[in-house]
Amino acid sequence: MRTVVIAGGTRGIGGALADKLRRAGDLVVPIGSADADLTSVRQTAALATRLPDKIDVLVLAAGRFDLRRIVTNEGFEQTFAIYVLSRYLLAERLRPALERAQTPIILNLSGTGGIRAGRIHWDDLQLTRGYTMLKATMQGARANDLLGAGFAAHHPHSQIRYVLYNPLFVNSGMHRQFRQPTRALVGASAALLGSSTGTAASRLTALLAEPPTARLTVLRRGTPVPLTRPEFDQSAAARLYTLLAELTVAS
Ligand SMILES: NC(=O)c1ccc[n+]([C@@H]2O[C@H](COP(=O)([O-])OP(=O)(O)OC[C@H]3O[C@@H](n4cnc5c(N)ncnc54)[C@H](OP(=O)(O)O)[C@@H]3O)[C@@H](O)[C@H]2O)c1
């Protein structure tokens with residue numbers, strides 16, 4: 001029986017994956033905002049100390065996106081806090097627990113996969129100037145590409161396999177947090193064009209049953225993406241890793 005921790009495992013794709021894995025006999029620990037507010041570095045760090053000391057699979061699926069720029073109590077832009085900082089912190093702080101498993105996996109659900117749109121705003125990571133939800137989401141996606149590259153580079157002797165995975169458009173209900181008319185537009189598009197959460201979760205269940213063997217794998221749904229692409233640039237990954245370490249060192 002595997003122990004699977006799913007950050008963002010209470011709803012959406014993570015919730016559907018939690019249901020499937022639980023039914024298949026895994027011990028699943030789903031995390032939602034009622035368990036820990038992952039927009040808070042302090043709460044994310046505290047959560048990591050409460051989780052099992054041996055973890056086979058860590059799924060990073062928590063996200064929160066907003067049309068307005070929201071600043072957390074700790075002074076971070078919310079998208080950056082949950083999409084980048086919490087994922088960095090969970091992977092790093094749960095690494096010892098993952099190393100105790102036989103074939104540990106970090107599965108990071110993000111907007112990866114041969115997409116060059118969006119960039120890291122190195123001079124304004126918290127997007128104090130000209131915030132838009134798209135800009136924040138795309139910066140988060142590019143940062144997650146670098147989190148995968150950074151994790152593999154920082155831990156060259158680790159047994160952990162890091163998988164960056166883009167599920168593409170999924171009708172997860174994510175649109176419910178938007179205001180009208182965006183809510184109606186995104187909701188209708190998702191219902192028409194998106195996969196169901198059950199279908200997305202079935203694909204992930206199959207992936208976890210036969211995980212890739214490389215230390216870093218990038219998949220755009222089922223299609224492998226070459227690591228030679230500029231999104232996985234090693235010097236940018238090292239730069240981001242150093243910045244995130246500095247931002248979280250006190251927690
Ligand atoms: N859906 C898509 O089309 C799509 C496409 C590409 C990539 N992705 C990636 O897949 C991930 C999951 O997407 P989804 O559509 O399944 O998202 P979702 O339906 O919005 O679910 C988000 C999850 O994050 C949790 N969460 C939100 N804020 C939180 C907080 N402050 N603290 C702790 N947990 C929090 C939610 O739990 P509570 O409700 O309990 O707070 C929920 O379990 C996204 O982050 C994104 O990176 C999705």
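That block above? That's the structure.
Residues numbered from 1 in each chain as written. Predicted model: local features only at pLDDT ≥ 70, side-chain atom pairs only at ≥ 80, totals over all residues. Heavy atoms only, no water.

Caption draft 1: How the structure looks around the overall build of the protein chain. Within the protein chain one finds eight helices and nine strands. The C-alpha radius of gyration computed for the protein chain amounts to 17 Å, which stays within 12% of the reference 18 Å derived for 251 residues, consistent with globular compactness. A total of 251 residues make up the protein chain; the buried ones form 53% of that total. Relative to all contacts within the protein chain whose residues are 6 or more apart in sequence, the contacts with residues 24 or more apart total 76%. As displayed, the protein chain has an accessible area near 11,400 Å², and 53% of this comes from carbon and sulfur atoms. For the protein chain, the distance from the average site of its 30 positive side-chain charges to the average site of its 18 negative ones is 5 Å. (Helix = DSSP H or I, 4+ residues; strand = E, 2+ residues; numbered from the N terminus. Rg over C-alpha atoms; globule rule 2.2 N^0.38 Å. Buried < 20%, exposed > 50% of the residue type's maximum accessible area, 1.4 Å probe, protein only. Contact = heavy atoms within 4.5 Å. Areas by Shrake-Rupley, 256 points an atom, 1.4 Å probe, with all protein chains shown as cover. Lys, Arg positive; Asp, Glu negative; His and termini not counted. Charge placed at Lys NZ, Arg CZ, Asp CG, Glu CD.)

Caption draft 2: Main features of the nonpolar core. Formed by 57 residues in total, the largest nonpolar core has its most connected members in Leu38 and Ile106. When residues of this core are assigned to their parent elements, the largest contribution, 10 residues, is made by helix α3 (residues 78–93). Leaving out residues up to four positions away in the same chain, isoleucine 106 has contacts with Leu58, Leu60, Ala91, Leu98, Phe151, Ile160, Arg161, Tyr162 and Val163. Formed by 22 residues, the second largest nonpolar core is a distinct cluster that contains Val59, Ala200, Leu207 and Leu219. (Core = buried A, V, L, I, M, F, W, Y, C linked by side-chain atoms within 4.5 Å.)

Caption draft 3: Fine view of helix α8 (residues 234–248). Taking 1.5 Å of rise per residue, 15 residues should cover 21 Å, and α8 covers 21 Å from first to last C-alpha, within 8% of that figure. Residues of α8 that are buried: Ala236, Ala237, Leu240, Tyr241, Leu244 and Thr248. For α8, the arc enclosing every buried residue in end-on projection is 135°, short of the 170-degree limit, so these residues lie on one face. In α8, those exposed residues whose orientation departs by more than 90 degrees from the buried face are Ser235 and Glu246. Those residues of α8 hidden inside the fold are in contact with α2 (41–50), α3 and α5 (133–154). (Expected span 1.5 Å × (residues − 1). Arc of directions from axis to C-beta.)

Caption draft 4: Region of the structure containing the site of the ligand. In the vicinity of the ligand lie 28 residues, with Thr10, Arg11, Ile13, Ser33 and Ser172 positioned nearest. Threonine 10 has a polar side-chain atom sitting 2.8 Å from an oxygen atom of the ligand. Residue arginine 87 places a side-chain N or O atom 3.1 Å away from an oxygen atom belonging to the ligand. In isolation the ligand offers 890 Å² of accessible surface; the protein chains occlude 91% of this area. (Near = heavy atom within 4 Å. Polar contact = N/O pair within 3.5 Å; in protein donor to acceptor, adjacent residues only side chain to side chain.)

Caption draft 5: Structural view of the side chain of threonine 3. Of note, threonine 3 is situated in strand β1 (residues 3–7). If we skip the residues at most four places from it in the chain, threonine 3 touches Leu27, Pro52, Lys54, Ile55, Asp56 and Val57.

Caption draft 6: Looking closely at the environment of leucine 147. Positionally, leucine 147 belongs in helix α5. Looking at leucine 147, the relative accessible area reads 2%, which means it is buried. Sequence separation between leucine 147 and asparagine 108 is 39 residues; the distance between their C-alpha atoms is 9.4 Å. Dropping the residues within four chain positions of it, leucine 147 is found in contact with Val84, Arg87, Tyr88, Tyr162, Leu240, Tyr241 and Leu244.

Caption draft 7: Inspection of the packing of α3 against α8 at higher detail. Where α3 contacts α8, the two axes come as close as 11 Å, and the packing angle between them is 90°. Between α3 and α8, the angle is such that the two are roughly perpendicular. Along its contact with α3, which presents Phe80, Val84, Leu85, Tyr88, Leu89, Glu92 and Arg93, the element α8 presents Tyr241, Leu244, Ala245, Leu247 and Thr248. Within the contact of α3 with α8, the residues separate by chemical class into nine nonpolar, one polar and two charged. (Axes fitted to C-alpha atoms, helices over the stretch in contact; angles between N-to-C directions. Parallel < 35°, antiparallel > 145°, perpendicular 65-115°, else oblique. Nonpolar A, V, L, I, M, F, W, Y, C, P; charged D, E, K, R; others polar.)

Caption draft 8: Just the layout of surface pockets, in detail. Approximately 1,300 Å³ is the volume attributed to the largest pocket. In this structure, the largest pocket is lined by 46 residues; those nearest its centre are Ile13, Gly63, Phe65, Ser172 and Met174. When residues of the lining of the largest pocket are traced back to their parent elements, those giving at least two are α1 (12–23), α3, α5, β6 (170–171) and α6 (182–193). When residues of the lining of the largest pocket are assigned to their parent elements, the largest contribution, five residues, is made by α5. For the lining of the largest pocket, the class distribution of residues is 23 nonpolar, 17 polar and six charged. Around the second largest pocket, the lining residues are Arg116, Gly118, Arg119, Ile120, Trp122, Arg142, Leu146, Pro230, Glu231 and Ala236. Split into classes, the residues belonging to the lining of the second largest pocket amount to five nonpolar, one polar and four charged. (1 Å grid on protein atoms, 1.4 Å probe; cavity = no way out; pocket = protein on both sides within 12 Å on 5 of 7 lines; lining within 4 Å. Points joined across faces, edges and corners; volume = space filled by probe spheres on them.)

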